[in-house]
Amino acid sequence: MMTGKTKNTKTIAGILDFGIEYQGAIHKDFVLRQQTVGDEIDAAEADAPDSAYGAVLMAMCLDSLGTIPKDDLTYQLIRGLSSDDYILLQQKRAELKKKLKDMNANTGILVSPASDSENTGTPKKMSAPLVL
């Protein structure tokens, strides 16, 4: 039984409250991965109504749902989830995003804006005083 986070830092695991029926069994355990820009593009170009964008994207980012084969984790399947389970998946996606942001913030690497010449070692050019 999966409870909590998986070892992969770009995924998060959990258990749906109601699950989804597939081939006579209810599937609840899931692993959700971080979404990418490529996923967003693919979801926008998918053969599905515009109103299904979120469900298409969610299906693409589900690494697993019970023992359902990955190829069968489609937006059509996601449509069968209860609203509560879909909200849970959205919350887990937000939790994963926060976890990844926090990990990146704690790496100790500071990035300075390119326009901040004080931090780049390049001296700032100063204008000569105006003499009247």
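Residues numbered from 1 in each chain as written. Predicted model: local features only at pLDDT ≥ 70, side-chain atom pairs only at ≥ 80, totals over all residues. Heavy atoms only, no water.

Trainee: I would appreciate a short explanation of unusual backbone geometry in the present structure.
Mentor: Glycine aside, the phi torsion of most residues is negative, and most peptide linkages are trans. Phi at Q23 takes a positive value of approximately 50°, unusual for a residue other than glycine. Considering the arrangement of structural elements, one finds Q23 in the loop between β1 (11–22) and β2 (25–33). In this structure Q23 comes out as exposed when scored by relative accessible area, which is 71%. (Helix = DSSP H or I, 4+ residues; strand = E, 2+ residues; numbered from the N terminus. Buried < 20%, exposed > 50% of the residue type's maximum accessible area, 1.4 Å probe, protein only.)

Trainee: Quick question: what am I supposed to make of the nonpolar core here?
Mentor: By size, the foremost hydrophobic cluster in this structure holds 27 residues, and its most contacted members are F30, L62 and L65. Secondary structure elements with two or more residues in this core: β1, β2, α2 (53–61), β3 (62–65), α3 (75–78) and α4 (83–105). Setting aside its immediate chain neighbours within four residues, L65 contacts L16, I20, H27, K28, D29, F30, L73 and L77. (Core = buried A, V, L, I, M, F, W, Y, C linked by side-chain atoms within 4.5 Å. Contact = heavy atoms within 4.5 Å.)

Trainee: Would you explain the sheet that holds β1 in this entry?
Mentor: As a general point, the strands of a sheet are linked pairwise by backbone hydrogen bonds and lie either parallel or antiparallel. Taken together, the three strands give an open sheet; going across it, the order is β1-β2-β3, and neighbouring strands pair in antiparallel fashion. Taken across any chain shown, the strands that pair with only one partner, and hence form the sheet edges, are β1 and β3. When strand polarity is set aside, the average angle formed by the axes of neighbouring strands in this sheet is 25°. Bridge analysis of β2 against β3 gives three bridges, and the strand direction is antiparallel. From the neighbouring strand, L32 faces β3, where its bridge partner is L62. Of the strands in this sheet, β1, β2 and β3 touch α4, which is tilted by about 170° from β1. (Pairing = 2+ DSSP bridges. Axes fitted to C-alpha atoms, helices over the stretch in contact; angles between N-to-C directions.)

Trainee: I tried to follow the confidence of the model for the chain on my own but got confused; where do I start?
Mentor: In low-pLDDT segments, the atomic positions of the prediction should not be examined closely. Of the residues in the chain, 74% reach a pLDDT of 70 or more, and the chain-wide mean stands at 84. Note that residues 1–6 has pLDDT below 50 and, in this model, 20 contacts with residues that lie over four places away or in other chains. (pLDDT = per-residue confidence, 0-100.)

Trainee: What exactly am I supposed to notice about the environment of T9 here?
Mentor: In this structure, T9 sits in the segment before β1. The partly exposed category is assigned to T9, whose relative accessible area is 37%. C-alpha separation for the pair T9 and L96, spaced 87 residues apart in sequence, amounts to 8.6 Å. Setting aside residues no more than four positions away along its own chain, T9 makes contact with L96, K99, L100 and M103.

Trainee: Whenever I open this one, the pattern of salt bridges confuses me. Can you help?
Mentor: Note on pairing: side chains with opposite charge can pair once their charged atoms come close. Inspection of the entire model under this criterion finds four salt bridges. Between K92 and E95 there is a salt bridge whose closest N-O contact spans 3.7 Å. Taken as a pair, K92 and E95 lie in helix α4 at a separation of three residues, close to a single helical turn. Between D102 and K98 there is a salt bridge, with its nearest N and O atoms 2.8 Å apart. Of this pair, D102 and K98 both sit in helix α4, four residues apart, which is roughly one turn of that helix. Taken together, the shared-partner salt bridges in this structure form one network comprising R33, D39 and D63. (Salt bridge = Lys/Arg side-chain N within 4 Å of Asp/Glu carboxyl O.)

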